[in-house]
Amino acid sequence: MLLEVQEISKSYGSQRVLDGLSFTADSGEVVGILGANGAGKTTLLRLVTRLLVPDSGTLLFDGHPLCQDDLAQIGYLPEERGLYRHMRAGEQVVYLARLKGLSHRDAEANARQWFDRLGAADWWSRPVSRLSKGMQQKVQFIATVAHSPRLLILDEPFSGFDRDNAALLQREIQRLSADGTAILLSTHNSEAATALCTKTVQL
Amino acid sequence: MKKIFVIISREYRLRLRRPAFWVLTLLVPLLLAALYAIPVIAAHRNAEPAVVLLVDETDLFRPSITSTESVTYIAMPTLDHARQRLADDEGVDAILHIPQRQTTIPRDAFLYHRDGTPPPALMRQVDNTLQVLLRNAVLEDVYQVEPSVYHSVESTTLHLHARDALSGRDSFAEVKTVMATVLAALMVLALIVFGIQVMRSVQEEKATRVAEVVASSVKPVQLMVGKVAGVALAAVSQLVLWVLLTAAAIGLIQHAAPTLFDQARSQQEASLSVATKGAEATAQYDTAVPLVDEALQGLTAINLPLVASLFALFFLLGYLLYGSLLAALAARLDSDADALQWVLLLLSPLLVTLLLTPLILNAPGGTLAAWLTAIPFTAPVAVLQRLPFGIGIGDVALAALLMAVAFGAAALLAARSYKRHLVG
């Protein structure tokens, strides 16, 4: 099992957001994280990326407690997108992939492959500030997958995409899943969730 | 470590790629070179002597006043004649009127200038001329003393030298005081300028929400150290470029117009004798030269490579400490409106130490100086204030060690603040 969430709890002050949550995600599985606003979806995803620390419970990655080194094998697309506005799109993806431990050469090769695949090759040298919001969303998605993560965490990945690009993204998620990537998918898009998820976790 | 280098590289390259970096890098040396050259060029342009009409109703000054390189005096019989000439002749700059004296010694003189307010340099030169001539007249008429004799007596002075009891070498206290003050001010300025750069960088990451993505890849402390070091590298590059480009620009200016600067040098020397003549001028020049010599000797006596090295070390440590704290502050604050007050509060130890300069220089080895050297927040300034006067290696090592420890703690604090307030 790639990811095991065991009896995880998390509170903000007196407000308990997650209470003894458990589930697993194996390679190739797409796990839908569903729930109303404020149910704790983003909190759960931030716990898996070690941005937050659980009050209790255990997170296992590949059979051992999740540690800092495991982050190199995790890709995270946060709900609130963020890119350096003055960096070129390609350079930014390479930078973020290098922070995941890739060499410059591998990072650039992977990034160029993804830019080609998503029809974004022309944007490589453009500063992010000159890209439309939809383009930036695509670049952010490429930055999330360029280091070939084993576990992909997508928080509302379809927000900001038009219908065509949402469909393109959905196909890529399916392809990644078919290639063996485990995916945690938090979305309000029930159509996409039904089409993509092999199982769901209701919060 | 590899990830920290990746962050350093990004921060460094990003800054070097910004047009503002290169505009500032080129502009500052040009400004400094201009500051150096403009007074010389201006002095050269004003080399044309001012023409002053002299109306001396006392008959005390007219017989002995003589024109100089910068002022030509033309005697006129009455003020009305002089006014008429000033109105008719564009080449005349001013009228110097010394009214009929009511007492033995004249008390007032008036300079009527064509453009309302005479240039300060002309005022000074005319004033000097009048003072010397009046003094000479009083010496001769009232006290029957030859002015040259008087000046010989006046220029006979005793110069008290401060010397180190053990080595017997001159202390050059004045030179060291100036140097300590300048070094401390430079340190505060550099720490504020480059510390604010780190702060702005964190604010940008917070505003664009990139921090959440980056923090899911690296430890917050790695992010902080990489960011602070990257900006430091850019800052050091800019400082080095400023020094090299300023030296090159000044060298080019001197090479392009060597006669201009030679003239300026000789004019400066000649200006010492503007209102004096013969032995008196020589004597004044002779007393000025030792002052310049003393400053140069003082600088030679100071171990400049050591001062430069310690300046670099304490700038780096101070920058790392304050850069980290400013980064933590930037992560903590939600609005720019609060930022200035908190920044001032955070930087207040540096500013207070700068304000305490007179007390520290009064006793560079005293208790206050020792405490300020040991406290990491004040050490970058206090060490430099004490440095020209000699500071023990133990004090320097302790200050550096405590600053390094403080930086470690500040980086951890900043990292925690970063994690909690940017992405938490």
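Everything here concerns the structure above.
Residues numbered from 1 in each chain as written. Chains lettered and ligands numbered in written order. Predicted model: local features only at pLDDT ≥ 70, side-chain atom pairs only at ≥ 80, totals over all residues.

Draft legend 1. Broad picture of the interface of chain B and chain A. Taken together, the contacts link 17 residues of chain B with 20 residues of chain A. For the side of chain B that touches chain A, the elements supplying multiple residues, two or more each, are helix H1 (2–17) and helix H7 (210–215) of chain B. Residues that form the side of chain B that touches chain A fall into these classes: eight nonpolar, four polar and five charged. (Contact = placed C-beta atoms within 7 Å. Helix = DSSP H or I, 4+ residues; strand = E, 2+ residues; numbered from the N terminus. Nonpolar A, V, L, I, M, F, W, Y, C, P; charged D, E, K, R; others polar.)

Draft legend 2. Seen up close, helix H14 (residues 367–374) of chain B. Residues and elements named next belong to chain B. When we look at burial in H14, the residues that qualify are Ala369, Leu372 and Thr373. Burial along H14 is one-sided: seen end-on, the buried residues are contained in an arc of 105°. In H14, the exposed positions that point more than 90 degrees away from the buried face belong to Thr367 and Trp371. (Buried ≥ 20, exposed ≤ 12 C-beta atoms within 10 Å, placed from the backbone. Arc of directions from axis to C-beta.)

Draft legend 3. Quick peek at the packing of helix H2 (residues 89–99) of chain A against helix H3 (residues 104–117) of chain A. Residue and element names in this part refer to chain A. Interhelical geometry of H2 versus H3 gives an angle of 130° and a closest axis separation of 9 Å. Considering their axes alone, H2 and H3 lie oblique with respect to each other. Helix-helix and strand crossings are classified by hand; for H2 and H3 the assignment is right-handed. Contacts between H2 and H3 involve Gly90, Val93, Val94, Ala97 and Arg98 from the first element and His104, Ala107, Glu108, Asn110, Ala111 and Phe115 from the second. Per-class residue counts for the contact of H2 with H3 are six nonpolar, three polar and two charged. (Axes fitted to C-alpha atoms, helices over the stretch in contact; angles between N-to-C directions. Parallel < 35°, antiparallel > 145°, perpendicular 65-115°, else oblique. Left-handed = near helix turned anticlockwise from the far one by under 90°.)

Draft legend 4. Inspection of the packing of helix H6 (residues 173–208) of chain B against helix H15 (residues 379–386) of chain B at higher detail. All names here are of chain B. Remark: H6 packs on H15, axes separated minimally by 8 Å, with the N-to-C direction vectors making an angle of 160°. By the angle between their directions, the pair H6 and H15 is classed as roughly antiparallel. When the axes of H6 and H15 are compared, the crossing they make is right-handed. Residues Ala180, Leu183, Ala184, Met187, Val188 and Leu191 of H6 lie in contact with H15, whose contacting residues are Pro380, Val381, Leu384 and Gln385. Looking at the contact of H6 with H15, its residues break down into nine nonpolar, one polar and no charged.

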